[in-house]
Amino acid sequence: SNDGNGNSRWSVTNSSLVPRPMDTIFLDNGVKERIINHLNKWIDNEDIYKKRGLPFKTGILLHGIPGTGKSSLASAIATYLGCNLISIDTTKFDCINIAEVSDSINADDDRYVILIDEIDTIFTSRNDEKASDKAKENTSKLLSFLDSQHSPDNVVFVATTNYLKKLDDAVIRKGRFDLIEELGNISKDTAIDMIRSFNATDRQVADIMRRYEGKRSINPAELQSTILEE
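Residues numbered from 1 in each chain as written. Predicted model: local features only at pLDDT ≥ 70, side-chain atom pairs only at ≥ 80, totals over all residues. Heavy atoms only, no water.

Let us now look at the overall build of the protein chain. A count of helices and strands for the protein chain gives nine helices and five strands. Tracing the protein chain from N to C terminus, the helices and strands come up as α-α-β-α-β-α-β-α-β-α-β-α-α-α. Counting every position in the protein chain, which comprises 230 residues, the buried fraction comes to 40%. Considering only contacts within the protein chain whose residues lie at least 6 apart along the sequence, 77% involve residues at least 24 apart. (Helix = DSSP H or I, 4+ residues; strand = E, 2+ residues; numbered from the N terminus. Buried < 20%, exposed > 50% of the residue type's maximum accessible area, 1.4 Å probe, protein only. Contact = heavy atoms within 4.5 Å.)

Dropping the structure here:
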């Protein structure tokens, strides 16, 4: 943040990232496979980016109802890439100096996943006439952070939102977010796979699934809580 005299102050929390293997993420409709394929292609094309002088970065936007594993998937992406995860505090985004953040990220040759959770809370549509000047400033700063000379290099931006419709084309266009995926409740077959991943017995699987009789789909966060109660 800026103290008003041109001096920046940093507020950083550093903690160990518990590895989250991709095989602990349970999704339907081929979402996980498409994300892995996108990441692999991005890595394979690194030389093309560098030869053309393009920033080596990509963006993945995850949207959907709460409890479907959007933030967990960001951790799994970092684990899959074998890199650290940087989580941007959206509640203090207006205080962030994005140029300094990018310089800090670019200070080494490491790769990072940058998580922007609930990106809709810092984005205001350009068509919103009621938006405050501060909100418009944050929007401009966000767009610059994602795709400009102030963008960090060798990063994967992962943003999450429960409200995709709040974001307009300025955010979700290619070059800022190259892959957009919806995460939803999971089918019963996928739910059974998730339960078995906790080394549950056949009887435990049956007991847990009995709680969801009559439901066509199951919320992953709710299911995980149920599994851990057993």
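Close approach of charged atoms lets side chains of opposite charge pair. Counted according to the given criterion, the structure contains nine salt bridges. Linking Arg34 and Glu181 is a salt bridge whose minimum nitrogen-to-oxygen distance equals 2.7 Å. A residue pair is termed long-range when its members are at least 10 positions apart, and Arg34 in helix H1 (residues 31–44) and Glu181 in strand E5 (residues 179–182) qualify at 147 residues. Residue Arg34 is classed as partly exposed on the basis of its relative accessible area of 37%. Look at Glu181 and you get buried, because its relative accessible area is 6%. Put simply, Arg196 and Asp202 hold a salt bridge, and the shortest N to O gap is 2.9 Å. Its relative accessible area of 40% is what places Arg196 among the partly exposed residues. (Salt bridge = Lys/Arg side-chain N within 4 Å of Asp/Glu carboxyl O.)

This brings us to the environment of Ile86. In this structure, Ile86 sits in strand E2 (residues 84–87). The contact partners of Ile86, leaving out residues within four places of it in the chain, are Ile105, Tyr112, Val113, Ile114 and Leu115.

With respect to burial, strand E1 (residues 57–63) is a largely interior element, seven of its seven residues being buried. Judged by which residues are buried, E1 turns out to be covered on both faces: Lys57, Gly59, Leu61 and His63 on one side and Thr58, Ile60 and Leu62 on the other are all buried. As defined by bridge partners, E1 adjoins strand E4 (residues 155–161) across seven bridges and the pair is classed as parallel. Residue pairing for E4: Thr58 is matched across the bridge by Val156. (Pairing = 2+ DSSP bridges.)

Although it is not a glycine, Asn29 adopts a positive phi angle of roughly 65°. Locating Asn29 in the fold gives a position in the segment before H1.

Relative to the helices and strands, Gly59 resides in strand E1. Taking relative accessible area as the criterion, Gly59 reaches 0% and is therefore assigned buried. Separated by 117 residues in sequence, Gly59 and Arg176 have C-alpha atoms that sit 5.7 Å apart.

Further remarks concern the sheet that holds strand E3 (residues 112–116). Read across the open sheet, the five strands follow the order E2-E3-E4-E1-E5; overall the sheet is parallel. Every other strand in the sheet has two partners, leaving E2 and E5 as the edge strands with one partner each. Neighbouring strand axes in the sheet, compared pairwise and without regard to direction, differ in orientation by 20° on average. Of the strand pairs in this sheet, E3 and E4 are connected by five bridges, and their pairing is parallel. (Axes fitted to C-alpha atoms, helices over the stretch in contact; angles between N-to-C directions.)

Coordinates in, geometry out; function isn't part of it.
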